[in-house]
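Coordinate inspection notes
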Amino acid sequence: MKSTRNLILYKNFENGTLFYNMAWIMENYRSDYYNKEDIEALFYECINSLAELAASHGFSGHLWHNFIAYLLVNNENAYSRSCEIRGEVEGSINRLALHDFEIMKELFEFDFEKLAEVYEVDCMDALLRYESESGSGKFFNRRIRDRICELTGKLEQSKDAEDFKAAVTEFYGEFGVGKLGLHKAFRVKHLEDGAEIVPITNIAHVRLEDLVGYELAKQKLIENTESFVSGKEANNCLLYGDAGTGKSTSIKAIANQYYDRGLRLIEVYKHQFCDLNDVIAQIKNRNYKFIIYMDDLSFEEFEIEYKYLKAVIEGGLEKKPDNVLIYATSNRRHLIRESFSDKEEVREDMHTSDTVQEKLSLYARFGVTIYFGAPDKKEFRNIVVSLAKKHHIAMDEETLLAEANKWELSHGGRSGRTAQQFINYLLGKQ
């Protein structure tokens with residue numbers, strides 16, 4: 001068996017200790033040099049780690065095969081990053097990758113029954129034919145788990161290292177690699193040595209069709225995003241308007257709709273603007289399209305973070321990467337609160353118009369602005385009826401609308417959010 005020390009590209013694995021311990025056992029389990037009880041104890045530790053991974057990620061079947069597939073889809077290296085979203089690439093790097101896949105396939109196909117002949121392992125069947133109790137893992141959602149298991153099946157059917165490489169490369173081309181490939185949305189965590197992009201493992205699976213009404217607004221958002229994902233020119237986008245009208249929901253829906261085409265969403269809060277340059281530096285050379293998402297964006301007079309944001313969006317020396325756009329939502333069209341003193345003609349300030357323009361200039365950085373207004377009475381009724389049908393609420397329409405009218409009068413007025421809260425109330429009573 002070839003040593004894992006000979007791997008060239010595929011190194012620095014997540015769960016690397018488990019991988020290298022298992023590989024060491026495979027290479028040395030017949031050796032008389034090492035203590036048999038020590039090897040057996042190490043193997044039981046590995047089984048424990050594989051079982052914990054299976055429980056947290058929802059794996060079943062051959063746990064070692066699932067683990068190898070899991071490592072391959074998460075390992076970011078020169079080959080996997082080159083193939084992400086666009087598929088197989090040309091060049092000498094293919095030979096280096098094939099060299100590594102020959103080693104990985106040999107490890108993948110290790111015959112654990114032979115190890116069981118040498119050591120008294122009484123739970124080998126659980127390792128090779130593991131049955132998962134839950135339908136979905138604690139950390140991985142069902143969609144991600146299923147794709148890793150699907151890759152596992154293809155690797156089990158591969159005839160040689162070339163087939164093995166082709167299956168993994170196809171996965172990279174279709175879904176990507178690492179956390180950016182597997183997940184749709186991310187948040188930013190500030191560290192002492194920079195920003196870390198952290199996956200959001202449970203994003204709401206909403207679609208634009210779930211948002212009743214706002215057809216022109218949704219179409220405008222789709223057109224801009226479609227141009228962006230297709231590699232054409234697109235603009236930063238500001239969704240503004242009344243609270244609870246679906247601005248944030250629309251952006252989450254866009255992330256779901258375009259995930260398979262390489263779109264990823266990174267949520268950044270106002271206090272994290274100092275990390276924006278670091279975040280952009282980490283994503284600018286990847287093959288994905290990134291929307292930096294800023295929810296409920298607005299600034300008070302005393303807050304100056306907007307000046308930093310302006311420079312990042314447009315105006316700094318470094319050009320914003322072509323694979324990055326900024327989408328923001330706000331209840332205000334003009335993101336920075338203005339006061340009457342900004343417009344008063346006082347002798348102490350001969351350039352009052354400059355003060356106003358300074359505050360309006362952030363809004364001007366968004367090439368596309370989309371308005372989401374509160375629904376009128378008819379639109380609100382349509383939203384309530386549509387949501388009731390979606391959730392199979394058995395109530396005649398006249399009673400439903402009468403109750404909805406009472407609800408909105410005491411819960412903040414007409415909006416999509418109010419309608420959804422009313423439906424949640426009815427569902428809770430069933």
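Look above for the structure.
Keep in mind that what you see is a predicted model, and the values were worked out from it rather than measured. (Residues numbered from 1 in each chain as written. Predicted model: local features only at pLDDT ≥ 70, side-chain atom pairs only at ≥ 80, totals over all residues. Heavy atoms only, no water.)

A look at the overall build of the chain
Looking only at helices and strands, the chain features 18 helices and seven strands. Within the chain, the proportion of its 430 residues that are buried is 49%. Long-range contacts, defined as pairs at least 24 residues apart, comprise 77% of the intrachain contacts of the chain with a sequence gap of at least 6. If you sum the accessible surface of the chain, you get close to 22,300 Å²; carbon and sulfur atoms cover 47% of it. (Helix = DSSP H or I, 4+ residues; strand = E, 2+ residues; numbered from the N terminus. Buried < 20%, exposed > 50% of the residue type's maximum accessible area, 1.4 Å probe, protein only. Contact = heavy atoms within 4.5 Å. Areas by Shrake-Rupley, 256 points an atom, 1.4 Å probe, with all protein chains shown as cover.)

Some points on helix α13 (residues 276-283)
Every buried residue of α13 is accounted for by Leu276, Val279, Ile280 and Ile283. End-on, the buried residues of α13 take up no more than an arc of 95°, which puts them together on one face. (Arc of directions from axis to C-beta.)

Regarding the sheet that holds strand β4 (residues 263-267)
Across the sheet, seven strands lie side by side as β2-β1-β4-β5-β6-β3-β7; this open sheet has mixed pairing. In this open sheet, the two edge strands, each paired with only one partner strand, are β2 (194-200) and β7 (368-372). Strand after strand, the sheet turns through a mean of 25° between neighbouring axes, direction not considered. Here three bridges tie strand β1 (residues 185-191) to β4, and the two strands are oriented parallel to one another. In the strand pairing of β4, arginine 187 is matched with glutamate 267. Relative to β7, helix α11 (residues 215-229) is tilted by about 150°, and along the sheet it contacts β3 (237-241), β4, β5 (289-294), β6 (324-330) and β7. (Pairing = 2+ DSSP bridges. Axes fitted to C-alpha atoms, helices over the stretch in contact; angles between N-to-C directions.)

Observations concerning the nonpolar core
Grouped together as the largest cluster of nonpolar side chains are 85 residues, with contacts concentrated most on Phe19, Phe43, Leu72 and Phe112. Here this core takes nine residues from helix α3 (residues 63-74), the largest share from any one element. When residues no more than four places from it in sequence are discounted, the contact partners of phenylalanine 112 are Met22, Met26, Phe43, His62, Trp64, Met124, Leu127 and Leu128. Grouped together as the second largest cluster of nonpolar side chains are 27 residues, Ala255, Tyr258, Val368 and Phe372 included. (Core = buried A, V, L, I, M, F, W, Y, C linked by side-chain atoms within 4.5 Å.)

As for the pattern of salt bridges
A full pass over the atoms with the stated rule returns 15 salt bridges. Between arginine 129 and aspartate 125 there is a salt bridge, and its shortest N-O distance comes to 2.5 Å. We classify aspartate 125 as partly exposed; its relative accessible area is 44%. Put simply, aspartate 210 and arginine 207 hold a salt bridge, and the shortest N to O gap is 3.6 Å. In this structure, a network of salt bridges that share partners links the residues Arg207, Glu209, Asp210 and Lys390. (Salt bridge = Lys/Arg side-chain N within 4 Å of Asp/Glu carboxyl O.)

Quick look at the side chain of asparagine 256
Turning to its location among the elements, asparagine 256 is positioned in helix α12 (residues 247-257). Take asparagine 256: its relative accessible area is 11%, and that puts it in the buried class. Apart from the residues within four sequence positions on either side, asparagine 256 is in contact with Lys184, Ile203, Ala204, His205 and Val206.

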